[in-house]
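Secondary and tertiary structure notes
Here are the chains, one letter per residue:
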Amino acid sequence: MDTAHDHLYKLIEDYVASGYRRRNPRQHNAAATAQTAPAADDDRVVTGEERERRLADLVAAIRSCNNCPLSAVRNRAVPGAGVLDPLVMVIGEGPGADEDRTGEPFVGRAGAFLDKWLEAVDLSRETNAYITNIVKCRPPQNRDPLPDERAACIPYLERQIALVRPRVILSVGRISSRIVCGVDTSMGEIRKQAFQYRGVPVVATYHPSAVLRNETLKRPVWEDLKRLRAICDRS
Ligand code: URA
C-alpha cells in the first residue's frame, strides 16, 4: 500500500474504532504534540492518584520533546512545578537562562520576586500553586517565542490545566496574557478585563521582570494580586 492509501486506511480504521481521535500526521507540529499529550477529555474523570501518574508521564514527555526547533538549543526543558489541585496556576512566557540550566520554572531573579508576590497573598509553589510557562524550552537570547513554537507547546499547557485543575490562572506578562486571554491588546488593557481559559478564571498582570525594571507597576500588580486572592477565596 502506498503512503497516501496507508494514511487514508488508518483514518478510516480510527473513525470506526475510536470516533476519529487520531490526528492527521501531516499536520503541524501542534498535532504531533497533541499525540504525545493526548485526550484531555479523559483527564476530567480520573482520580487524584491517576492524575499524578499522568502528570508525571506528561512531564517526562515534555523533558524529551523534540516537536519544535527550540528543543535543539535548550539545555533542559522546563515543564513546571507545584501541587495538584492548586488555588492558582501561574503561566509565564518561557524559561530564561536560570530555568534552562536547572529545569525548574521561575528560579532566577524574576522567580524570587514572583515568590514574594505569591507569599503576599498566602500562596506558594510548595503548598497551593503550580507554576509553568507557555513554551517549555528557552527561546535563544530570551526572544519572544515564535507562533510555531507556541503552537507546538500549547497542547502541553492545556493538558497540564486539565490534570492539575487550578481554581484560578495568573498569567504574567504580555505574551502569556495575550495567549491565555485570546486578545491582542496591551497589558494595561488586558488586566482590566475578566477572562476564562479552558473554563478557568484568569487574572492577567505584568511580568515580574517588567516590574523589576519599572517600579511604578508595583501598584497595579498589587491590585491584581488582591483580585486573584478574592477569586481564590470565593471559588
Ligand atoms: N520568565 C518566565 O516567563 N518564565 C520563567 O520560567 C522564568 C522567567
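All values reported here derive from a predicted model rather than from experimental measurement. Within each chain, residues carry numbers counting from 1 in the order of the written sequence. Residues qualify for local features only when their pLDDT is at least 70, as the model is predicted, and side-chain atom pairs are given and counted only at 80 or more; totals for whole chains, interfaces and linings, by contrast, use all residues. As a rule here, side-chain values come from all non-hydrogen atoms in the structure, and water together with hydrogens is ignored.

**A word on the packing of helix α3 (residues 48–63) against helix α7 (residues 147–164)**
- Every angle, taken between N-to-C directions, lies between 0 and 180 degrees, and every axis is a line fitted to C-alpha atoms, over only the stretch in contact when it is a helix. By definition, any uninterrupted DSSP run of H or I lasting at least four residues is a helix, any uninterrupted run of E lasting at least two residues is a strand, and each is numbered from the N terminus. Relative orientation of the contacting elements α3 and α7 amounts to 160°, with a least axis distance of 10 Å. In terms of their interaxial angle, α3 and α7 are classed as roughly antiparallel. Handedness of the α3/α7 crossing: left-handed. In this structure, α3 uses R51, R54, L55, L58, A61 and I62 to contact α7, whose residues at the interface are Y156, R159, Q160, L163 and V164.
- Under the scheme applied, nonpolar residues are Ala, Val, Leu, Ile, Met, Phe, Trp, Tyr, Cys and Pro; charged residues are Asp, Glu, Lys and Arg; polar residues are all the others, including Gly. Among the residues forming the contact of α3 with α7, the class breakdown is 7 nonpolar, 1 polar and 3 charged. Comment on the angle field: the value is read as roughly parallel under 35 degrees, roughly antiparallel over 145, roughly perpendicular from 65 to 115, and oblique elsewhere. By the definition used in this description, the sense in which the near helix is turned from the far one sets the handedness, with an anticlockwise turn below a right angle giving left-handed and a clockwise turn giving right-handed. Any pair of residues with heavy atoms lying within 4.5 Å of one another is described as a contacting pair.

**Regarding the side chain of E99**
- Assignment of secondary structure puts E99 in helix α5 (residues 97–102).
- Of the buried charged residues, E99 lacks a salt bridge, with R138 as the closest side chain of opposite charge at 6.9 Å.
- At a separation of 2.9 Å, a polar atom in the side chain of E99 contacts the main-chain amide nitrogen of V107.
- Residues within four places of E99 in sequence aside, it is in contact with V78, E104, P105, F106, V107 and G108. Each residue gets one of three labels from its accessible area relative to the maximum for its type: buried under 20%, exposed over 50%, partly exposed in between, using a 1.4 Å probe on protein chains only. Neither His nor the chain ends contribute to the count of charged residues, in which Lys and Arg are positive and Asp and Glu negative. Whenever a carboxyl oxygen of Asp or Glu lies within 4 Å of a side-chain nitrogen of Lys or Arg, that contact is scored as a salt bridge. As used in this structure description, the phrase polar contact means that two N or O atoms lie within 3.5 Å; if the pair is within protein, one of them must be able to donate a hydrogen and the other to accept it, and residues adjacent in sequence are counted only when both atoms belong to side chains.

**Quick look at helix α6 (residues 109–120)**
- The terminal C-alpha atoms of α6, which comprises 12 residues, lie 17 Å apart, in line with the 16 Å expected from a rise of 1.5 Å per residue.
- All of the buried residues in α6 are A110, G111, F113, L114, W117 and L118. The arc enclosing the buried residues of α6, seen along the axis, measures out at 160°, which places them on a common side. The exposed set on the far side of α6, more than 90 degrees from its buried face, consists of R109, K116 and E119.
- On the buried face of α6, the contacting elements are β2 (88–92), β3 (129–133), β4 (168–172), β6 (200–205), α10 (208–213) and α11 (218–234).
- Once α6 ends, the next one or two residues include D122, with phi positive near 60°. Take the residue count of a helix, subtract one, and multiply by 1.5 Å to get its expected span. The directions from the helix axis to the C-beta atoms form the arc being described.

**Points about the sheet that holds β4**
- Taken in spatial order, the 6 strands of this open sheet run β1-β3-β2-β4-β6-β5, and their pairing is mixed. The open sheet is flanked by β1 (81–82) and β5 (195–197), the only strands paired with a single partner.
- Contacting β2, β4 and β6, α11 runs over the sheet at an angle of about 165° to β6. Any two strands with at least two DSSP bridges between them are considered paired.

**Description of the pairing of β3**
- Buried residues dominate β3, accounting for 5 of its 5 residues.
- Burial along β3 is two-sided: the residues A129, I131 and N133 and Y130 and T132 are all buried.
- Relative to β3, β1 runs antiparallel, the two being bridged by 2 bridges. Within β3, the position partnered with G82 by the bridge is Y130.

**As for the pattern of salt bridges**
- For the structure on display, the rule yields 18 salt bridges.
- With a shortest N-O distance of 3.9 Å, K192 and E189 are connected by a salt bridge.
- Its relative accessible area of 39% is what places E189 among the partly exposed residues.
- A single network of salt bridges, built from pairs that share partners, joins D43, E50, R53, R54, D57 and R159.

So, to be careful, I would describe these as geometric facts and stop short of saying anything about function.
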